[in-house]
Amino acid sequence: MELKLIYDVCIIGSGAGAGPIAYTLAKEGKKVLILEKGDIYSEKDFSKDEMAYSRRDIFTPNLKDEYHVIEEKIDGEWYKFPTYETGWSFWNGNFLGGSSNFMSGYFHRLKPNDFKLKSTYGKYKGANVVDWPISYDELEPYYDKVERVVGVSGEYTSYAHAEPRSSKNYAYPRLQEHPISEVIDKSCKELNYTSYKVPRAIISEKKNARNACYYSNFCGSYACSSGAKGSSRAALIQPALETNNITIIPNAFVFKLLTNKDKKIQKALYYTKEKTQKSVEAKLFVLAAQAVESSRLLLNSKNSDFPNGLANSSGQVGKNMLFTGGGVGSAIIDKSILKEEKLFQTGLFVNRGLQDWYFTKEFKGGTIDFLFDHANPIRKALKLTSNKEGKLIFGEELQDKLYKNFTKSRILNFEIFTDWMPNDDCFVTIDENYKDKYGVPVATIRIGAHPQDVKVGEFLAQKAIDVLKQMGAKDIKSDISPLPSANLQAGGCRFGDDPKKSVLNKYCQSHDIANLFVTDGSFMPTGGSVPYTWTIYANSFRVADYIKKSGLI
């Protein structure tokens, strides 16, 4: 008879919400199991192949096999569109380390008032804004810990909305910067704006087995072959494996959690790549599968004790999803702004942002980040295959356009991050009519944006345009949209003090199930006007400390 091993903790997922838990508890001598939906790769497996990374699905499921259903409002009615029909993928990296492998590493902290938006601005009509059950001061030591353990490079900038820090500067010196950064600084100063040196989760100096950044020019959408980028895999899980306290089961799609007579989770059921069903047992379970999939798993795990889904006595699982509001813009930078030998320096970082309007007297603002267009050549070329009227061009006309755009100018982009307003029309459900290749109901994501998101996005875009005009940039464009980016997900299991209005307590522990924690971005009631990753990392370290001291394992 086979002896069934019961782990101290089973972590579902391996990204930013999972890594700190595994890292902390393994170092405490706890036996940790990671169930990862994808495979295991390391630095030697990564390349800069645009066909493989950006135009194929080698690190994400084929949408014909595993998909989501998107609900969009058209002419006042909601319609469902499976993503295998549209190609709009909400998968962000299925291998060890999850989507943190592919992030660009723009790391902004939340500000103290981000934790109390309702108290600061009052109730927004049509939005479900609430204050957090914790304060900035409670999370700040863990932001600081992420800087040291995961590795954040930067140089502190003093500006109006700069958050308090316990360390004077970042753990690693700032990365090498492109000369365009000085032009941005100069133009901002002329406009009486304060350009902000954006910290990055990319180490500028060697850290243990991780090499420093070698300025390949391929960060976003690519896994890092030097280990410089602070992915959960490189920064936390790989070092923690040295404890011999971590077991990783790859290609394990967890589709259901089973509870026992004490209403605690006893087992996780998963499918292997060959569709064989297996199970594991643990004393404590941590769900960190990224927000959409975490809500899906809890809803698919309903049983007689939890008829509406696990941890869902409040009816809030899947509700108040958060994405990233805002949009993008671009402009042409040529030798009239910067000499060609400086303009075409490759690999160096722009690392400039604006947060002058992060808070205003009237409304919550946001962040502007400046960055060069992605280096992917196929993507850049495809953008040039039509003229201003939208007609296809080819032959000598296309050849001349490609030559000019690849050798005479560069595209400088800006990205806008606003605080996505949680609302009743943005949530995750499951629908028995839509199932994946395993026969498991997929997540249906209703995407309803609050009108305020677009209003703030347009306000910030105009500020970015002002900077580009001051620089002398040409062909300035912006695109502010209510549709979100799929790569940043949060909400769906918001934490709070009232079990009737929230899924988790302040330590991200289920109100209903004592041995269940959710530590990806699901816990967030509001997202701040920044990417979520740094906050997810910091909170996960905070929760790991609580679990360590709680006596639960």
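Presented here is a report on the structure given in the accompanying data block. (Residues numbered from 1 in each chain as written. Predicted model: local features only at pLDDT ≥ 70, side-chain atom pairs only at ≥ 80, totals over all residues. Heavy atoms only, no water.)

### Focus on the overall build of the protein chain
Piece 1. Regarding its fold elements, the protein chain presents 13 helices and 17 strands.
Piece 2. Taking 24 Å as the expected radius of gyration for a compact globule of 553 residues, we find that the protein chain reaches 23 Å, a close match to that expectation.
Piece 3. Projecting the C-alpha coordinates of the protein chain onto the three principal axes gives extents of approximately 75 × 55 × 50 Å.
Piece 4. Counting only contacts in the protein chain whose residues sit at least 6 apart along the sequence, the fraction spanning at least 24 positions is 73%.
Piece 5. A total of about 23,000 Å² of accessible surface is found on the protein chain, and carbon and sulfur atoms cover 48% of it. (Helix = DSSP H or I, 4+ residues; strand = E, 2+ residues; numbered from the N terminus. Rg over C-alpha atoms; globule rule 2.2 N^0.38 Å. Contact = heavy atoms within 4.5 Å. Areas by Shrake-Rupley, 256 points an atom, 1.4 Å probe, with all protein chains shown as cover.)

### Concerning the packing of aromatic side chains
Piece 1. What the rule picks out here adds up to 34 aromatic pairs.
Piece 2. Geometrically, the ring pair formed by F90 and F323 is edge-to-face, given 6.0 Å between the ring centres and 80 degrees between the ring planes. Taken together, the residues F90 in the loop between α3 (83-86) and α4 (117-121) and F323 in strand β10 (residues 319-334) connect sequence positions 233 residues apart.
Piece 3. Classification of F90 by relative accessible area gives buried; the value is 2%.
Piece 4. Classification of F323 by relative accessible area gives buried; the value is 0%.
Piece 5. Ring plane angle 15 degrees and centroid distance 5.2 Å describe the contact between Y271 and Y438, whose orientation is recorded as stacked. Here Y271 is found in strand β8 (residues 265-271), whereas its partner Y438 is found in the loop between β14 (426-435) and β15 (441-447), with 167 residues between them in sequence.
Piece 6. In this structure Y271 comes out as buried when scored by relative accessible area, which is 15%.
Piece 7. The structure contains a cluster of three or more aromatic residues connected by ring pairs, namely F107, F115, W132, Y136, Y143, F495, F523, W534 and Y537. (Phe/Tyr/Trp six-rings, centres within 6.5 Å; stacked < 30°, edge-to-face > 60°. Buried < 20%, exposed > 50% of the residue type's maximum accessible area, 1.4 Å probe, protein only.)

### A look at the pairing of strand β4 (residues 77-82)
Piece 1. Pairing between strand β3 (residues 69-74) and β4: 6 bridges, direction antiparallel. Bridge assignment links I74 to a residue of β4, and that residue is E77.
Piece 2. Connecting the antiparallel pair β3 and β4 is a turn made up of 2 residues, with D75 showing a positive phi of about 50 degrees. (Pairing = 2+ DSSP bridges.)

### Focus: empty space enclosed by the protein
Piece 1. Counted according to the given criterion, the structure contains 4 cavities of 30 Å³ or more.
Piece 2. Here the largest cavity defines a volume of roughly 80 Å³.
Piece 3. Taken together, K48, I202, C213, Y214, Y215, S216, F218, C219, C224, S226 and K229 make up the lining of the largest cavity. (1 Å grid on protein atoms, 1.4 Å probe; cavity = no way out; pocket = protein on both sides within 12 Å on 5 of 7 lines; lining within 4 Å. Points joined across faces, edges and corners; volume = space filled by probe spheres on them.)

### Some words on helix α5 (residues 136-151)
Piece 1. Of the positions making up α5, those classed as buried are Y136, L139, E140, Y142, Y143, D144, V146, E147, V149, V150 and G151.
Piece 2. If you follow the buried residues of α5, they end up packed against α1 (19-27), α7 (232-240) and α13 (533-550).

### Observations regarding the sheet that holds β3
Piece 1. Judged by pairing direction, the sheet is mixed, and its 4 strands sit side by side in the order β4-β3-β15-β14 without closing on themselves. The outermost strands of the open sheet, each flanked by one partner alone, are β4 and β14. Neighbour to neighbour, the strand axes of the sheet diverge by 30 degrees on average, direction disregarded.
Piece 2. Sheet topology note: the β3/β15 ladder contains 3 bridges and is parallel. Paired with V69 across the strands is T444, a residue of β15. (Axes fitted to C-alpha atoms, helices over the stretch in contact; angles between N-to-C directions.)

### Things to note about the nonpolar core
Piece 1. By size, the foremost hydrophobic cluster in this structure holds 142 residues, and its most contacted members are I180 and F370.
Piece 2. I180 has contacts with I333, I337, L338, V350, F372, L412 and M471, leaving out every residue within four places of it along the chain.
Piece 3. I202, C213, Y215 and A228 belong to the second largest nonpolar core, which has 11 residues in total. (Core = buried A, V, L, I, M, F, W, Y, C linked by side-chain atoms within 4.5 Å.)

### Let's talk about the packing of α1 against α13
Piece 1. Interaxial distance between α1 and α13 falls to 8 Å at its minimum, and their mutual angle equals 35 degrees. Regarding α1 and α13, the two cross each other, and that crossing is right-handed. Counting all contacts with α1, which are made through P20, I21, Y23, T24 and L25, the residues of α13 involved are Y537, S540, F541, V543, A544, D545, I547 and K548.
Piece 2. Of the residues in the contact of α1 with α13, the class split is 9 nonpolar, 2 polar and 2 charged. (Left-handed = near helix turned anticlockwise from the far one by under 90°. Nonpolar A, V, L, I, M, F, W, Y, C, P; charged D, E, K, R; others polar.)

### Some thoughts on the environment of L354
Piece 1. Along the polypeptide, L354 turns up in strand β11 (residues 352-354).
Piece 2. For the pair L354 and K463, spaced 109 residues apart in sequence, the C-alpha separation works out to 9.0 Å.
Piece 3. Look past the residues within four positions of L354 in its chain and what remains in contact with it is C188, Y193, T194, S195, G366, T367, I368, F370 and V467.

### Topic: the pattern of salt bridges
Piece 1. As enumerated under the stated definition, the model contains 30 salt bridges in all.
Piece 2. With a closest N to O distance of 3.6 Å, D425 and R446 form a salt bridge. With D425 in the loop between β13 (409-418) and β14 and R446 in strand β15, the pair connects residues that are 21 residues apart, well separated along the chain.
Piece 3. Salt-bridge contacts for D545 lead to K548; the nearest nitrogen and oxygen are separated by 3.5 Å. Linking D545 with K548, this pair stays in helix α13, spanning 3 residues, or about one helical turn.
Piece 4. The class of D545 is buried, set by a relative accessible area of 11%.
Piece 5. The partly exposed category is assigned to K548, whose relative accessible area is 35%.
Piece 6. A network of salt bridges, in which partner residues are shared, links E155, R174, E177, D185, K197 and R352. (Salt bridge = Lys/Arg side-chain N within 4 Å of Asp/Glu carboxyl O.)

### A few points about α7
For an α-helix, the turn length of 3.6 residues means that residues three or four places apart are oriented alike.
Piece 1. Most of α7 sits out of view: 7 of its 9 residues are buried.
Piece 2. Residues of α7 that are buried: S232, R233, A234, A235, L236, I237 and A240.
Piece 3. Check the buried side of α7 and you find it contacts α1, β2 (32-35), α5, β6 (246-249) and α13.

### Focus on the sheet that holds β13
Piece 1. Spatial strand order, β5-β11-β12-β13-β10-β16: 6 strands in an open sheet with antiparallel pairing. The two strands at the open ends of the sheet, each matched to only one other strand, are β5 (195-197) and β16 (474-492). Averaged over all adjacent pairs, the angle separating strand axes in this sheet is 30 degrees, with direction ignored.
Piece 2. In this structure, β5 lies alongside β11, joined through 3 bridges in antiparallel fashion. Note on β11: the bridge partner recorded for K197 is R352.
Piece 3. Against the sheet, helix α8 (residues 291-300) touches β10 and β16, its axis set at about 30 degrees to β16.

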